[in-house]
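# Per-entry structural report
Here are the chains, one letter per residue:
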Amino acid sequence: MYERKIPVTLNCGLDLIGEVLYGKWKMRLLYFINEGHKRPSDLQRKIPDASRRVLNIHLKELEQHELVTKIIYPQMPPKVEYSLTEIGKTLIPVINTLGKWGDKNKGV
């Protein structure tokens, strides 16, 4: 597992946002989990440019930040689903607003 050489300093809210959402696919993962795509294979289909390994790393980090929960069903083959926590759900309006801003300004 990756270990940071420089410790994280959270001097303001923007530092926290950067720490929690830094990563190419994290906002998309949160958005798609909110839309109902909860299985890793569903998320992989929604984000085909991302490797399975990178998605798993991002999902694990989102879980560590308590934005998503991972449910493992005891069956064969194992079934895994992700869902947003209450604090994870509070990021959805922010992600939607950022998406609208990006759509509006992508031609600039």
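Preceding this paragraph is the structure being described.
First, a word on what this report is: a plain description of the structure on this page.

Reading the values: rules and limits
- Residues numbered from 1 in each chain as written.
- Predicted model: local features only at pLDDT ≥ 70, side-chain atom pairs only at ≥ 80, totals over all residues.
- Heavy atoms only, no water.
- Buried < 20%, exposed > 50% of the residue type's maximum accessible area, 1.4 Å probe, protein only.
- Helix = DSSP H or I, 4+ residues; strand = E, 2+ residues; numbered from the N terminus.
- Pairing = 2+ DSSP bridges.
- Patch = residues over 30% accessible without salt bridge, like charges linked within 9 Å, V, L, I, M, F, W, Y side chains within 5 Å.
- Areas by Shrake-Rupley, 256 points an atom, 1.4 Å probe, with all protein chains shown as cover.
- Salt bridge = Lys/Arg side-chain N within 4 Å of Asp/Glu carboxyl O.
- Axes fitted to C-alpha atoms, helices over the stretch in contact; angles between N-to-C directions.
- Parallel < 35°, antiparallel > 145°, perpendicular 65-115°, else oblique.
- Contact = heavy atoms within 4.5 Å.
- Nonpolar A, V, L, I, M, F, W, Y, C, P; charged D, E, K, R; others polar.
- Polar contact = N/O pair within 3.5 Å; in protein donor to acceptor, adjacent residues only side chain to side chain.

## Structural notes on the pairing of strand E2 (residues 79-84)
E2 sits mainly inside the fold: 5 of its 6 residues count as buried. Here strand E1 (residues 68-73) folds back onto E2 in antiparallel fashion, the turn holding 5 residues.

## Looking at the environment of Gly36
Tracing the backbone through its elements, the reader meets Gly36 in the loop between helix H2 (26-34) and helix H3 (40-46). Note: C-alpha distance between Gly36 and Leu84 (48 residues apart in sequence) is 9.9 Å.

## Structural notes on a nonpolar patch on the surface
Taken together, the side chains of Met27, Val94 and Leu98 present a nonpolar region at the surface, about 220 Å² in accessible area. Under the relative-accessibility criterion, Val94 is labelled partly exposed at 38%.

## Here's the deal with the packing of H2 against helix H4 (residues 52-64)
Two numbers describe how H2 lies on H4: the axes approach to 10 Å, and their chain directions differ by 75°. On the basis of the axis angle, H2 is roughly perpendicular to H4. Facing H2, whose interface residues are Lys26, Leu29, Leu30 and Ile33, H4 presents Leu55, His58, Leu59, Glu61 and Leu62. Residues that form the contact of H2 with H4 fall into these classes: 6 nonpolar, 1 polar and 2 charged.

## A word on the pairing of E1
Two elements, E1 and E2, share 6 bridges in a ladder whose sense is antiparallel. Bridge pairing links Thr69 to Ser83 in E2.

## What to know about H2
Taken together, the buried positions of H2 are occupied by Lys26, Leu29, Leu30, Phe32 and Ile33. Turning to H2, the residues buried within the fold contact helix H1 (13-21), H3, H4, E1, E2 and helix H6 (92-105). At the C-terminal side of H2, Gly36 shows a positive phi close to 110°.

## Describing the side chain of Gln44
Within the fold, Gln44 resides in helix H3. A relative accessible area of 17% means that Gln44 is categorised as buried. A distance of 2.7 Å separates a polar atom in the side chain of Gln44 from the backbone oxygen of Ala50. Aside from chain neighbours lying at most four places away, what touches Gln44 is Ala50, Ser51, Arg52 and Leu55.

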